[in-house]
Amino acid sequence: MLTDGLNINEKGHLTIGGCDTVELAETYGTPLYVMNEEVIRQALRAYVQSMETYYPQGGRVAYASKACCFLEMYRIAAQEGCGADVVSGGELYTALRAGMPAERLYFHGNNKPEGELRMALEAGVGRIVVDNPAELRRLSSIAQDMGSTAAILLRVTPGIDAHTHQFIRTGQIDSKFGLTLENGEALAAAREALSLPGIDLKGFHCHIGSQIFDVDPFAHAADVMLRFMARVRGETGATLTELNLGGGFGIRYTDRDQPKPFGAYMKQVSAVMSQTAAELDFPLPFIILEPGRSVAAPAGITLYTVGAVKSIPGVREYVSVDGGMGDNPRYALYKAAYTVVAANRMREPNTRVMTISGRCCESGDLIQENVPLPDCEHGDILAVLGTGAYNYSMSSNYNRLPRPAVVMVMDGTSRVVVKGETYEDLIRNDV
Ligand SMILES: *Cc1c(COP(=O)(O)O)cnc(C)c1O
């Protein structure tokens, strides 16, 4: 099947982590997010091991938690020896409540409110990743005010075009994120950071985009960043020791996607960095990787129950399901491709081409168009594969739909890790 941990049982039902998805749908109701713990752990381990194997200088995997954020995800990441990338006070709070050691956290964002910067300093987060000169100065005065020192990385936009969808591309020069390398902004910020009180500049960060399959742009970014670190040494005398290379590794949403094995990335990046470090006589830095999508997405599926099947002769056929853009906004946002299967009819031939529509009051509320499926009817269970990232974390209560539960499966057992919302939850903050 498309991702690890999916199978078909003797009843012709889709299974995940040894659990029958039709039974999961019966037990927990639909829509339902299901995540396979084994797949999450294996991905984290593969990243950790690829560093141990290929990068002699050592590093850390910081799970990019915006991909899928709830207590259990941080617990799993912490147990695997990883840290996490957080981008808001809410993610920071969740990570701390989960017991993630604060020193393993990287706090990102292009506009962190003062309250969140104070919260991060109070908690003792490992690194604050500063996005722009104004934030740098603000952080300096906050840290002085609190009598502490902020250990920081500066986010740099290295100007790499990673050939991905422009909505999820962040490394090119026209970006709301980071300090531009080419026009000298990044160097000026480094110089200022080295002189500001309350600031301890440790190194740099870059993140060149998302859902990238090619290793070359990552290797190129690592090379550009290492050369920049040598330039900073030349201009300021400071030899900085940390380089955070971000995330963005592609996953397989459909058969057309061909991601590289986890190790391929580190192997090539390490080779390029070793060569450049030798050429510049610059010590290899401690590196940080921030995979998000590639850890969470392949682990997750979403289960829906089919409501109506609507045929418009000569136009198309719709299958409406009991969820939609509230639990998965990615098709509505950027026509994201997904594989959809009929979980209770896995051995039946695909004789129809269907458009999966959600239940929200928006014509654009589609999960996917032109999906080959067997003959479906009311009550069938559809599974959308590869939904572990940027689904639950991007979900909303549009149309006052309660967010679905998240169930974690492992070796044939299942447990709720996020309860489904109730109507009472929906009015919790209404006055
Ligand atoms: C989103 C993000 C990531 C993770 O990206 P993926 O494509 O999910 O791997 C890592 N680092 C930063 C700074 C990000 O914004």
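### Focus: the overall build of the chain
Then comes step 1: What the chain contains, in helices and strands, is 12 helices and 21 strands.
Then comes step 2: Whereas a compact globule of 431 residues would reach a radius of gyration of roughly 22 Å, the chain reaches 23 Å, a difference of no more than 12%.
Then comes step 3: Seen through its C-alpha atoms, the chain measures out along the principal axes to roughly 70 × 55 × 40 Å.
Then comes step 4: Considering only contacts within the chain whose residues lie at least 6 apart along the sequence, 70% involve residues at least 24 apart.
Then comes step 5: Total accessible area on the chain is roughly 17700 Å²; 49% of this is exposed by carbon and sulfur atoms.

### Examining the pairing of strand S9 (residues 150–157)
Then comes step 1: In terms of burial, S9 is a largely internal element, 8 of the 8 residues being buried.
Then comes step 2: Burial along S9 is two-sided: the residues Ala150, Ile152, Leu154 and Val156 and Ala151, Leu153, Arg155 and Thr157 are all buried.
Then comes step 3: Looking at chain direction, strand S8 (residues 127–130) and S9 are connected through 3 bridges and run parallel. Paired with Val129 across the two strands is Leu153, which belongs to S9.
Then comes step 4: For S9 and strand S11 (residues 199–205), the ladder comprises 6 bridges, and the chain directions are parallel. Across the sheet, Leu153 pairs through a bridge with Gly203, a residue of S11.

### Describing the packing of helix H5 (residues 114–123) against helix H6 (residues 133–145)
Pairs of packed helices are described in terms of their axes, by the angle between the two and the distance that separates them.
Then comes step 1: One way to put it is that H5 packs onto H6 with a least axis distance of 10 Å and a crossing angle of 50°. Judged by the inter-axis angle, H5 sits oblique to H6. Read as a crossing pair, H5 and H6 show a hand that is right-handed. Note on element contacts: H6 touches H5 through Arg138, Leu139, Ile142, Ala143 and Asp145, opposite Glu114, Leu117, Arg118 and Leu121.

About the cut-offs
Starting from 1, residues in each chain are numbered consecutively following that chain's sequence as written. Per-residue local features of the predicted model are confined to residues with pLDDT of at least 70, and side-chain atom pairs are confined, for both listing and counting, to 80 or more; whole-chain, interface and lining totals are unaffected and use all residues. In computing side-chain properties, one takes all heavy atoms of the structure into account and sets aside hydrogens as well as water. Secondary structure elements are defined from DSSP: runs of H or I of at least 4 residues count as helices, runs of E of at least 2 residues count as strands, and each element is numbered from the N terminus. The atom set for the radius of gyration is the C-alpha atoms, and the globule formula is 2.2 Å times the number of residues raised to the power 0.38. We call two residues in contact whenever any of their non-hydrogen atoms come within 4.5 Å of each other. Surface accessibility in these figures is a Shrake-Rupley result with a 1.4 Å probe; residues are shielded only by whichever protein chains are displayed. Only protein chains enter the accessibility calculation, which uses a 1.4 Å probe. A residue is then buried if its area is under 20% of the maximum for its type, exposed if over 50%, and partly exposed in between. At least two bridges found by DSSP between two strands is the condition for calling them paired. For helices, the fitted line uses only the C-alpha atoms of the stretch in contact; every axis is such a line through C-alpha atoms, and the angle between N-to-C directions lies from 0 to 180 degrees. Orientation categories follow fixed angle ranges, with anything under 35 degrees roughly parallel, anything over 145 roughly antiparallel, 65 to 115 roughly perpendicular, and all other angles oblique. By the definition used in this description, the sense in which the near helix is turned from the far one sets the handedness, with an anticlockwise turn below a right angle giving left-handed and a clockwise turn giving right-handed.

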